[in-house]
Amino acid sequence: MLANNDQAPDTEMISRFAGILFEYAEGYVTARMLPEKGAGDGKPWSRTLPADERLGGALAALAAKAAGNRRALYVVPGTTSREGRAGAADIAETGVVIVDLDEGDIEGKRKHLEDHLGRASLLVASGGLTEDGQKKLHVYWRLTEAARDEDLALVGKLQGDIAQRVGGDTSFAKVCQPIRVAGSLHQKYGQVARCTIVDETGTEHDLQDFAERVALLPEFGGLAAVSKEADRDCVAPSVSDLLNRI
């Protein structure tokens, strides 16, 4: 049983998160429930949800189910045109550019990115901590419109480039890479913490302008990127891989 409200999913936060990621996209969203490392077991579980006004509520219900079963709730941050698979070739649209900062000087990297790329639209503390106790962070830049076709491929390239230059998770070079849902619970090894929105600015970015800024982005402190193999085409998530991050 969860002890208090700080250790329960936040329905309103989940709805805000869903709106920021998917308001401009159409189709279906893939949610995945995975056992938390050191806290649960069982097979990965997946559900496809319509990207409409019901999405926030549907994700909140899944977050409550995940919390009660000591599981983590992830979402693929792009939509598909049909229900079912959510591999790289199946993603039709995405509305955000993402970097996952999970090692090293998290705050220094965030500041470096916002200084050079512009203010982030959304900052999310995943609930995990680095070895020296810093909060791991997901950084989102919301686009002015959903990216499709060649623009979708560009988003993947930008996410890989950003990660390489600041020592982030290069798995997000694939736009089908799932990420933990803000407002849901992080429960590794039985330690409960909410995955929390720490800043939401409403800022939006034109993709082409953003790409020009990424092209000029200097490396942060000479650090190498975190090399993590992305899920194989993101069709069947690798539990061991996902449970070792965020």
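Details of the structure are given in the entry above.
Now for a look at the structure at hand.

Reading the values: the criteria
- Residues numbered from 1 in each chain as written.
- Predicted model: local features only at pLDDT ≥ 70, side-chain atom pairs only at ≥ 80, totals over all residues.
- Heavy atoms only, no water.
- Helix = DSSP H or I, 4+ residues; strand = E, 2+ residues; numbered from the N terminus.
- Expected span 1.5 Å × (residues − 1).
- Buried < 20%, exposed > 50% of the residue type's maximum accessible area, 1.4 Å probe, protein only.
- Contact = heavy atoms within 4.5 Å.
- Polar contact = N/O pair within 3.5 Å; in protein donor to acceptor, adjacent residues only side chain to side chain.
- Arc of directions from axis to C-beta.
- Phe/Tyr/Trp six-rings, centres within 6.5 Å; stacked < 30°, edge-to-face > 60°.
- Lys NZ or Arg CZ within 6 Å of the ring centre and 35° of its normal.
- Axes fitted to C-alpha atoms, helices over the stretch in contact; angles between N-to-C directions.
- Parallel < 35°, antiparallel > 145°, perpendicular 65-115°, else oblique.
- Left-handed = near helix turned anticlockwise from the far one by under 90°.
- Nonpolar A, V, L, I, M, F, W, Y, C, P; charged D, E, K, R; others polar.
- Core = buried A, V, L, I, M, F, W, Y, C linked by side-chain atoms within 4.5 Å.

## Here's the deal with helix α4 (residues 149-166)
For α4, which comprises 18 residues, the first-to-last C-alpha distance of 27 Å matches the rise-based estimate of 26 Å (1.5 Å per residue) to within 8%. Restricting attention to buried positions, one finds in α4 the residues Leu152, Leu154, Val155, Gly156, Leu158, Gln159, Gly160, Asp161, Ile162, Ala163 and Val166. In this structure, the buried side of α4 is in contact with β5 (91-101), α3 (106-117), β7 (135-148) and α5 (207-215). Downstream of α4 by a residue or two, Gly167 has a phi angle that is positive, lying close to 75°.

## Some points on the environment of Tyr24
With respect to the helices and strands, the residue Tyr24 is situated in the loop between α1 (11-22) and β1 (28-35). In this structure, the C-alpha to C-alpha distance between Tyr24 and Ala147, residues 123 residues apart in sequence, is 9.2 Å. Ignoring any residue separated from it by four or fewer positions in sequence, one finds Tyr24 in contact with Glu93, Arg142, Leu143, Thr144, Glu145, Ala146, Arg148 and Glu204. Here Glu204 takes part through its side chain, which lies 2.6 Å from a polar atom of the side chain of Tyr24.

## Quick word on α5
Taken as a whole, α5 has its buried residues at Leu207, Phe210, Ala211 and Val214. The arc that holds every buried residue of α5, seen down its axis, measures 105°, which confines them to one face. Across from the buried face of α5, at angles greater than 90 degrees, the exposed residues are Glu212 and Ala215. Elements that come into contact with the buried residues of α5 comprise β5, α3, β7, α4 and β12 (204-205). Two or three places before Gln208, at the opening of α5, Asp206 has a side-chain oxygen 3.1 Å from that residue's backbone nitrogen.

## Here we look at the packing of aromatic side chains
Per the counting criterion, the structure on display carries two aromatic pairs. On the numbers, 6.0 Å between centres and 85° between planes, the contact of Phe17 with Tyr140 is edge-to-face. In this pair, Phe17 sits in helix α1 while Tyr140 sits in strand β7, placing the two residues 123 residues apart along the sequence. Each member of the pair Phe17 and Tyr140 is classed as buried. A ring pair is formed by Trp141 and Phe210, whose centres lie 5.3 Å apart and whose planes are at 50°; its orientation type is tilted. With Trp141 in strand β7 and Phe210 in helix α5, this pair connects stretches of sequence that are 69 residues apart. A relative accessible area of 0% means that Trp141 is categorised as buried. Overall, the relative accessible area of 0% leaves Phe210 in the buried class. For Arg142, the ring lying beneath its charged end belongs to Tyr24, and the centroid distance is 4.2 Å.

## As for the packing of α4 against α5
Direction vectors running N to C along α4 and α5 enclose 30°, while the axes themselves pass 10 Å from each other. As judged from the angle between their axes, α4 and α5 are roughly parallel. In the packing of α4 onto α5, the handedness of the crossing is left-handed. Touching Asp151, Leu154, Val155, Leu158, Asp161, Ile162 and Arg165 of α4 are Leu207, Gln208, Phe210, Ala211, Val214 and Ala215, all from α5. Of the residues belonging to the contact of α4 with α5, the class tally is nine nonpolar, one polar and three charged.

## Description of the nonpolar core
Judged by nonpolar contacts, the single largest core of 31 residues is most densely connected at Phe17, Leu21, Val75, Leu122 and Tyr140. Elements represented by at least two residues in this core include exactly α1, β1, α2 (55-68), β3 (71-75), β5 and β6 (122-129). By residue number, the principal contributor to this core is α1, which donates seven residues. With residues near it in sequence (within four places) discarded, Phe17 still touches Val75, Leu122, Tyr140, Arg180, Val181, Ala182 and Ile197. Grouped together as the second largest cluster of nonpolar side chains are 30 residues, Ile106, Trp141, Leu152 and Ala211 included.

That is the geometry; function is a separate question.
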